[in-house]
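# Survey of secondary and tertiary structure
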Amino acid sequence: MGKAGSEVSSGRNRAVASLILCVLFLLPYGGANAAELAGGSAADCQPCHALIYEEWQQSWMARAYVNDNFQRSFQRWQQLIEQNPAAVQANPMADPRRCLDCHAPLRRDDSEPDNPDGVTCQVCHTVRSARPSRSGHTLIFDGRGVIYSANPSPNRDAPHRLKYGSDLENSRLCAGCHQDRLPTGLYLERTYDEWLQSPYARQGIDCSDCHMPQTAGPATAGTDTKPTHASHRFAGGHSDSPLLARAATVRLQRNPDPRHITVSVTNASVGHNFPTGGAHPNKLVLFFKLQNADGETVYEDSRIYQYRYLDANGRTVSPQQLQDSTLQPLETRREQFAIPESLDATKATARLEYHLIPDSLGRSLDPEIYETSYAPVTIDQDSLILK
């Protein structure tokens, strides 16, 4: 193949690889067109729902479109497609506008959104129902000016039409973006299925029970008699999330063979696989090291838990197959480490670290944004004195 042909092939491969980093979701719509709902803003809800609005502003739902990580990935993906438009013709799933289906769902057409609200109030509170579909779940929007509430007895004095929406507290609603299957059967996002197959689902624990816990303060100022409301901070897998601190545990244990150590890694409280996301480039890393009596590191090893997309030759280029080493809910993975006989090791240490994005991408972000939202987080660690 000549140089020109090699460059086209290389461009196509880079473009498809970027599909994985860009996290392209398909949010199917039914009922009302999203354009009918696009004129509203979350700020319209603030006068009556000040607490919820303040929480939402701090959430990653609000920053789904404007955050630096997404903007860089989205713009880079657009550039790659402009350089190689045949990639979209060959694979419509590679169209960068698909990113906007979940990062800026309420837009008037296939262009960039009119307002940067991201996943705003209207996205969830105008959904009449969420129905299973081949790709995931289809969200059926009402489009008649009706706002749906999680309160079975909605306020009749509200300044807008208000109805009870049973799907607001059902995980099916989340599946609109957190479940995405290609026609080939390959998942780009399967968080909903992970939860559906977990003990949490069987116990009736939904996504909102963990990601939207009850928080002090009424949902509606002046009229709501309930003293708490569902948090709209939507804590998840970012560095500043309180959920990460209790997500997993790591424990070291001696083996009958003194030259081997078992490290047990447990998904302790996450209601889906950890890490989750499919096409997300996140990973969980177990670092293992041995030290001598002087505290010097004499041996290091690691294990990685993540989703990886591979082609038929085992390369991470095109999404043909999915390699899964993530931890299922409540699963304990026992890793075996051998102590080289030549080493005079006196202490073993294991540390579990969560990486939301690759280090190479993190270095390109604003340092303050990286430290508060994307920096690796130590989930747990343990040590064992050998002698």
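### Remarks on the sheet that holds strand S10 (residues 248–254)
One open sheet accounts for 3 strands, arranged S10-S11-S16; its pairing is antiparallel. Edge strands, defined here as strands with exactly one partner in the open sheet, are S10 and strand S16 (332–338). Looking at each pair of strands side by side, their axes are set apart by 20 degrees on average, direction ignored. Note that S10 and strand S11 (residues 260–267) share 7 bridges and pair antiparallel. Looking across to S11, one finds that Thr 249 is bridged to Thr 266.

### A closer look at the side chain of His 272
Tracing the chain through its elements places His 272 in the loop between S11 and strand S12 (283–291). Each residue touching His 272, except ones within four places of it in the same chain, is listed here: Thr 191, Glu 194, Trp 195, His 211, Asn 267, Leu 327 and Pro 329.

### Describing the packing of aromatic side chains
Tallied over the full model, the rule gives 6 aromatic pairs. When the centroid spacing of 6.0 Å and the interplanar angle of 55 degrees are considered together, the rings of Tyr 65 and Phe 70 count as tilted. Judged by centre distance (5.4 Å) and plane angle (25 degrees), the ring pair of Phe 274 and Tyr 354 falls under stacked. Here Tyr 354 lies in strand S17 (residues 347–355) and Phe 274 lies in the loop between S11 and S12, a separation of 80 residues in the sequence.

### Focus on the environment of Trp 195
Within the secondary structure, Trp 195 sits in helix H8 (residues 191–196). Note: C-alpha distance between Trp 195 and Val 270 (75 residues apart in sequence) is 9.1 Å. If we ignore the near neighbours within four places in the chain, the residues touching Trp 195 are Ser 171, Tyr 200, Ala 201, Ile 205, Asp 206, Gly 271 and His 272. At 2.7 Å, the side chain of Trp 195 and the backbone oxygen of Ile 205 are in polar contact.

### Brief notes about the state of the cysteines
According to the stated counting rule, one finds 1 disulfide in the structure shown. Between the sulfur atoms of Cys 102 and its disulfide mate Cys 177 the distance is 1.9 Å. Of note, the bridge from Cys 102 to Cys 177 carries an S-S torsion of about -110 degrees and is left-handed in sense. Of this pair, Cys 102 sits in helix H5 (residues 97–103) while Cys 177 sits in helix H7 (residues 171–178), and the two are 75 residues apart along the sequence. The burial state of Cys 102 is the same as that of Cys 177; both residues are buried. Cysteine Cys 45 is unpaired, with the sulfur of Cys 121 as its nearest cysteine sulfur at 3.8 Å. Assessed through its relative accessible area of 26%, Cys 45 is described here as partly exposed.

### Details of the pairing of S12
Pairing of S12 with S17 involves 9 bridges; the strand directions are antiparallel. Residue pairing for S17: Val 285 is matched across the bridge by Glu 353. Pairing analysis gives 8 bridges linking S12 to strand S13 (residues 297–305), with the strands arranged antiparallel. Its bridge partner lying in S13, Lys 289 is registered against Glu 300.

### Considering the confidence of the model for the protein
Summarising the model, the protein shows a mean pLDDT of 80, and 80% of its residues fall at 70 or more. Predicted confidence is poor over residues 1–38, with pLDDT under 50, and the contacts of this stretch with residues over four places away or in other chains come to 95 contacts.

Conventions and cut-offs
- Residues numbered from 1 in each chain as written.
- Predicted model: local features only at pLDDT ≥ 70, side-chain atom pairs only at ≥ 80, totals over all residues.
- Heavy atoms only, no water.
- Pairing = 2+ DSSP bridges.
- Helix = DSSP H or I, 4+ residues; strand = E, 2+ residues; numbered from the N terminus.
- Axes fitted to C-alpha atoms, helices over the stretch in contact; angles between N-to-C directions.
- Contact = heavy atoms within 4.5 Å.
- Phe/Tyr/Trp six-rings, centres within 6.5 Å; stacked < 30°, edge-to-face > 60°.
- Polar contact = N/O pair within 3.5 Å; in protein donor to acceptor, adjacent residues only side chain to side chain.
- Disulfide = S-S within 2.5 Å.
- Buried < 20%, exposed > 50% of the residue type's maximum accessible area, 1.4 Å probe, protein only.
- pLDDT = per-residue confidence, 0-100.

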